[in-house]
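The lines below spell out each chain.
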Amino acid sequence: MASTRSTIYDIATQAGSSAATVSAVLNGTWEKRRISAETAQKVQQTAIKLKYTINRQASGLRKSRSGLIGMMIPMHDNRFFSSMSQTFERMARERHLYPIVVSTLRDPALEVETAKALISYQIEHLLITGATNPDAVSKVCKVHGVSHLNIDLPGTRAPSVISDNYWGAESLTKELLKKSKAQSNAARNSLHFVGGIASDYATGRRISGFEDAIRTQVGTISSNQIHACGYESQLAEACVANLYVRLGGLPKGLLINSTIALEGVVRFLKTIEPSELSECAFGCYDWDPFATFLSFPLMMVRQNTEGLIGKAFELIDNDDLNTKRVFEIKPALVSVDS
């Protein structure tokens, strides 16, 4: 026999209250309605006893508010996006909103499909995080009247809150230039950028910061110092291996575009003599606490997830989502010593 879901009327009967009182307690407005704490506690205990759950979708249709807020991220198995989703969930719950986080695997078609699915559940807001085509998702949101904004990568149809990738890469490059040692071999006496896709916004801004820092302090930079080989760790591994062979050793410095690329670089570094590592200054645009276990010093850029998500909720709280401005949040440089 199929089980029957409890209703607010069942709770009202057992708690000795009206359905209106039960509704006020469950939606958190009982204090405004001057309902006593004793009554509220009794209703809540009765709801738990009857295993009552709110049908958010139906509730949203009745009240034009569901209490649901969605977030799309490219992937879960990335420390930056994992940190973003955890911070988002915490800040959403602080506002009595119910967070939904979905991975879209850097697939533009899946991004649009996911947005449509979340909208069908009556989400009130959508945070479009690291989307490959944020404007396509924004278009879907606008058609359905769902407030939204972009995080990490900017779009042109909604406000965007992003890391200051240029400043982070420029600052990291300056530190690498300070820490790097001059090489007698001219081919090795330069810094190299590894990882990412040059046409992607974040990587492009990091490359610009890297290039400008070198031009300012060194005077010139060659296109041969930029290796935007993709995001996969095996591509970064192959890239640095080929660079090592071409230069006859490690360059005097490497700026690695992400912790995923860093995994590949470290795999290659394990194949060479440990003494060679001291000849190169290493920097990574991203942060991972496990870097403290590496056998060489590493400068890292730690992105400000609290600042990014905090600014996003500030815009939501102030109902300031009509602007198309780009808000840049500065990251921090972190020195990880071996």
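What this report covers is the structure whose coordinates are included nearby. Here the structure is a predicted model, which is why all the values come from computation and not from measurement.

1. Considering the sheet that holds strand E10 (residues 298–302)
- In spatial order, the strands read E7-E6-E8-E9-E10-E12; together these 6 strands make up an open sheet with mixed pairing. Where the open sheet ends on each side, the last strands, each with one partner, are strand E7 (226–227) and strand E12 (332–336).
- For strand E9 (residues 281–284) and E10, the ladder comprises 2 bridges, and the chain directions are parallel. Bridging across to E10, Gly283 finds its partner in Met299.
- In the packing of helix H8 (residues 165–179) onto the sheet, the strands contacted are strand E6 (191–194), strand E8 (253–256), E9, E10 and E12, and the crossing angle to E9 comes to about 165 degrees.

2. Quick word on the pattern of salt bridges
- A complete count under the given rule lists 10 salt bridges for this structure.
- A salt bridge links Arg90 to Glu306; the shortest N-O distance between them is 2.3 Å. Note that Arg90 is positioned in helix H5 (residues 79–94) and Glu306 in helix H12 (residues 305–317), a separation of 216 residues in sequence.
- Taking the relative accessible area as the measure of exposure, Arg90 reaches 36% and is therefore partly exposed.
- Several salt bridges converge on common partners, so that one network encompasses Arg90, Glu94 and Glu306.

3. Here's the deal with the nonpolar core
- Leu250, Leu254, Leu269, Phe282, Phe296 and Leu298 are the most contacted members of the largest nonpolar core, which has 27 residues in total.
- Among the elements of the structure, helix H10 (233–247), E8, helix H11 (259–269), E9 and E10 are those that each provide at least two residues to this core.
- Setting aside residues up to four positions removed in sequence, Leu298 forms contacts with Leu262, Phe282, Gly283, Cys284, Ala291, Val334, Ser335 and Val336.

4. Some words on the packing of H5 against H12
- As a packed pair, H5 and H12 sit with axes 9 Å apart at the nearest point and diverge in direction by 45 degrees. When the axes of H5 and H12 are compared, the pair comes out oblique. Crossing geometry of H5 relative to H12 is assigned as right-handed. Taking contact as the criterion, the partners of Phe80, Ser83, Met84, Thr87, Phe88, Arg90, Met91 and Ala92 in H5 are, on H12, Thr305, Glu306, Leu308, Ile309, Gly310 and Phe313.
- Across the contact of H5 with H12, the residue classes break down as 8 nonpolar, 4 polar and 2 charged.

5. Some points on the pairing of strand E3 (residues 125–129)
- Within E3, 5 of the 5 residues are buried, leaving the element largely enclosed by the surrounding structure.
- Here E3 shows two buried faces, one formed by His125, Leu127 and Thr129 and the other by Leu126 and Ile128.
- As defined by bridge partners, E3 adjoins strand E4 (residues 147–151) across 5 bridges and the pair is classed as parallel. Counterpart to Leu126 in the pairing with E4 is His148.
- Once you follow E3 into helix H7 (residues 134–143) and on to E4, the crossover reads as right-handed.

6. With respect to the sheet that holds E3
- On the basis of which strands lie adjacent, the open sheet formed by 6 strands has the order E2-E1-E3-E4-E5-E11 and parallel pairing. Looking at which strands have only one partner, the edges of the open sheet turn out to be strand E2 (98–103) and strand E11 (326–329). Here the average twist between neighbouring strands, direction ignored, is 20 degrees.
- Strands in contact with H7 are strand E1 (68–73), E3 and E4; relative to E3, the strand with the most contacts, it is inclined by about 170 degrees.

Rules and cut-offs
- Residues numbered from 1 in each chain as written.
- Predicted model: local features only at pLDDT ≥ 70, side-chain atom pairs only at ≥ 80, totals over all residues.
- Heavy atoms only, no water.
- Pairing = 2+ DSSP bridges.
- Helix = DSSP H or I, 4+ residues; strand = E, 2+ residues; numbered from the N terminus.
- Contact = heavy atoms within 4.5 Å.
- Axes fitted to C-alpha atoms, helices over the stretch in contact; angles between N-to-C directions.
- Salt bridge = Lys/Arg side-chain N within 4 Å of Asp/Glu carboxyl O.
- Buried < 20%, exposed > 50% of the residue type's maximum accessible area, 1.4 Å probe, protein only.
- Core = buried A, V, L, I, M, F, W, Y, C linked by side-chain atoms within 4.5 Å.
- Parallel < 35°, antiparallel > 145°, perpendicular 65-115°, else oblique.
- Left-handed = near helix turned anticlockwise from the far one by under 90°.
- Nonpolar A, V, L, I, M, F, W, Y, C, P; charged D, E, K, R; others polar.
- Right-handed = clockwise from strand over helix to strand, strands pointing away.

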